[in-house]
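What the coordinates show
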Amino acid sequence: MIHHLRAAGVSLVLDSRGAGVPAVVHWGRDLGALDPADLQTLADAGVPAIAPSSIDVPLRLTLLPALGDGWTGRPAVALADGRAPVRHLSTAREDDVLVVETVVGDAVVTTRLELTAQGVLLASHTIRNDGDSAVAVTAADVVLPVPDRAREVLDFSGRWAGERRPQRGRPGHGAWLRETRHGRGGHDDPFLMVAGTAGFDFGSGEVWSTHVAWSGDTRQWFERSDLAPAVLGAGERFASTTLAPGESYASPTVVATWSGTGLDGLSDRLHPWVRSWSTIARPRPLTLNTWEAVYFDHSLSRLEPLVERASEVGVERFVLDDGWFLGRTDDRRALGDWTVDPERWPDGLGPLAARVNAAGMEFGLWVEPEMVSLDSDLAQRHPEWLLTAPESVTWRWQHVLDLSLPEVQQHLFDRLDALLDEYPIAYLKWDHNRDLLVEASRPQVLGLYRLLDRLRAAHPGVDIESCASGGGRIDLEILRRVDRVWTSDTNDPLVRQAIQRWTGIVVPPEYLGSHVGDARAHTTGRVAGLGFRLATALFGHAGIESDLTRVSPEDLEAVRRWAEVYREHRALLHAGRVVRADAADRAALVHAVVAPDRGRALVSYAVVGETDAALPAPLRLPGLDPARRYRVTVVDLGAGPGMLQDAPPPWFATGEVTLPGAVLADVGLPMPLLQPGNAVVLRADAD
């Protein structure tokens, strides 16, 4: 039978006729309503020619392409015994889900394909050993076809405090392969692999993408050859997994997305899909985190004035970062015991939590449960709980606990459960500050998932943030277990503008922790104006990472005003459609969040480098309804941008203008001449 899944302008056609492995006939733009005869004709007409010096039957891309079929590219599912016979067992359909069972030697491979209501394709395999002896699995990836017109490839690299750096190319024949070996995504995580038509951008071009929803090692690739269709492949990276008789392996889900309207079209599918299952159930509280305010300088007397100032400017959540537990005076010691330091906190954390709650704020706490220091009581008592030997290389002077051990999971649950029972903790900033440096990271990842699931079930009201020395563990599987991600350890707004722009293709803004830091950035040493810092932090789950007790009265008032703007607009910021303008001048970054009914929008115009003209091109406002009229006003964030001009555009001087959406999108508005490292936020309201 030939199956046709359709949703939100996307089609998937799978030919499961006969005893061979089902073949993917089409994945991409909706083909419309096709009757069985049309589907049969489509599948039959798509069978390719037989090339000279090749296999003697037409090569079709199946769900499990393998050498035995003549596929000489990277395989999808592979066993160590590459000669195992393959036979299609069954294909069942329920609504928009296909379940395909294939026998590969002694193993049964169950492939699940779901096309969500948003047009997102979810693909995964389960491999079960039905034989009498062990089976070695060497690959369990998803391979999907992309048409020949998809020649350009985009993925990401990066480093600490510089995550999600895009890299584009036009690979020739062979595989463009990205693998991670960090045991977490890592700062250089490819994150999203996109193949698209020439010159695709945020608002234009046809693109196909994959993302591996997995918090460990992954691989993604784009491959072309002379004798086969181009493909995108993705899955968990491992060398080999041995299954005893009766055992199973369940692969991570590959999230595959097609768009006919560029990269923003991917967000148009992924954001609503994430929101359909998101655990976020209330407005995202404005957060102050103490790290860059006090570092390890902890005491009630030191923090009480900060609590007072935070409350004055409108902070709703106060988070005590690293340094609260026994012996933790710097980042080289004391991880693992999670006992409150009696010297700095002689009465425990209760008095601080009480001050925070009395000031009308939630209390949050930093933890790094997966890690341990050799000088901790835990490491001394249980050296066998370490993932690697005590003499092995450290990373940030710390080791990793082996979360595959049930006793480690139980210990960590008990300790965190006790903290959450003892104190009114509404939020855990869950950090992960080093790579695992082991070949097999899967047991660690599954242990983490079990621990998080159990903790959330026991404390359903507690929000958890995924932090991994910044943005080193951000994926769509960890997102099912957390309510926030720390996008990067840098609060430098110049770097943050790009990090948030690219991370936000996949992750909705309500998850993206974004803080206002000090004028001089902790990570780069660069000085940025307050207006730029405020404008950058507004477009996410906003917060503050600064010692407000040392801020001038004028700047404190600006932060208070900005906090009001955040509270006023967060319902839009965290539920609207994210769109990004394709500016000819890459020094100007433009993005907007538009209400679902297009009645309102917030637009950010940021200049991050030297513009290519003294008078830059007008700002064209994306995402508006061309048939409606909009009143555009400048949003007062409390601190204005730096400008170098004799006079601003007249409309900007008056502070508002009213024009049809078509005019604002196609002609645009001249902008003030911002100095590099400055931004303006506009509001557009429909009549």
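Note: the structure precedes this text.
Read on for an overview of the structure. For clarity, every value in this text was computed on a predicted model and none was experimentally measured. (Residues numbered from 1 in each chain as written. Predicted model: local features only at pLDDT ≥ 70, side-chain atom pairs only at ≥ 80, totals over all residues. Heavy atoms only, no water.)

As for the overall build of the protein chain
When you go through the protein chain residue by residue, the secondary structure sums to 13 helices and 36 strands. The C-alpha radius of gyration computed for the protein chain amounts to 27 Å, which stays within 12% of the reference 26 Å derived for 687 residues, consistent with globular compactness. A principal-axis box enclosing the C-alpha atoms of the protein chain has dimensions of 80 × 70 × 40 Å. When burial is assessed residue by residue, the protein chain has 58% of its 687 residues classed as buried. Carbon and sulfur atoms make up 52% of the accessible area of the protein chain, which amounts to about 25500 Å² in all. (Helix = DSSP H or I, 4+ residues; strand = E, 2+ residues; numbered from the N terminus. Rg over C-alpha atoms; globule rule 2.2 N^0.38 Å. Buried < 20%, exposed > 50% of the residue type's maximum accessible area, 1.4 Å probe, protein only. Areas by Shrake-Rupley, 256 points an atom, 1.4 Å probe, with all protein chains shown as cover.)

A look at the sheet that holds strand E17 (residues 228-236)
As summarised here, the arrangement of the four strands in space is E10-E17-E16-E13, forming an open sheet in which the pairing is antiparallel. Two strands lie at the open edges of the sheet, namely strand E10 (142-146) and strand E13 (174-179), each paired on one side alone. On average, each strand axis in the sheet is tilted by 15 degrees relative to the strand beside it, whichever way the strands run. Note that E10 and E17 share five bridges and pair antiparallel. Considered in E17, the bridge of leucine 144 is made with leucine 232. (Pairing = 2+ DSSP bridges. Axes fitted to C-alpha atoms, helices over the stretch in contact; angles between N-to-C directions.)

Examining the pairing of strand E15 (residues 207-213)
For E15, the tally of buried residues reaches seven of seven residues, placing the bulk of the element in the interior. What you see with E15 is no split at all: Val207, Ser209, His211 and Ala213 on one side and Trp208, Thr210 and Val212 on the other are buried throughout. Bridge count for strand E14 (residues 193-196) against E15 is four bridges, and the pairing is antiparallel. For glycine 196, the partnering residue across the bridge sits in E15 and is valine 207. As judged from the seven bridges shared by E15 and strand E20 (residues 253-259), these two strands associate in the antiparallel manner. Opposite tryptophan 208, over in E20, you have tryptophan 258 as the bridge partner.

Topic: the nonpolar core
Most often, soluble globular proteins keep nonpolar side chains buried together rather than apart. In this structure, Trp27, Trp324 and Trp562 are the most contacted members of the largest nonpolar core, which totals 163 residues. A total of nine residues in this core trace back to one element, the largest contributor, which is helix H11 (residues 553-573). Leaving out residues up to four positions away in the same chain, tryptophan 562 has contacts with Leu286, Val516, Leu534, Ala537, Leu538, Ala542, Gly543, Ile544 and Leu637. Grouped together as the second largest cluster of nonpolar side chains are 25 residues, Ala601, Leu624, Tyr630 and Val680 included. (Core = buried A, V, L, I, M, F, W, Y, C linked by side-chain atoms within 4.5 Å. Contact = heavy atoms within 4.5 Å.)

That's the geometry; what it means functionally is another story.
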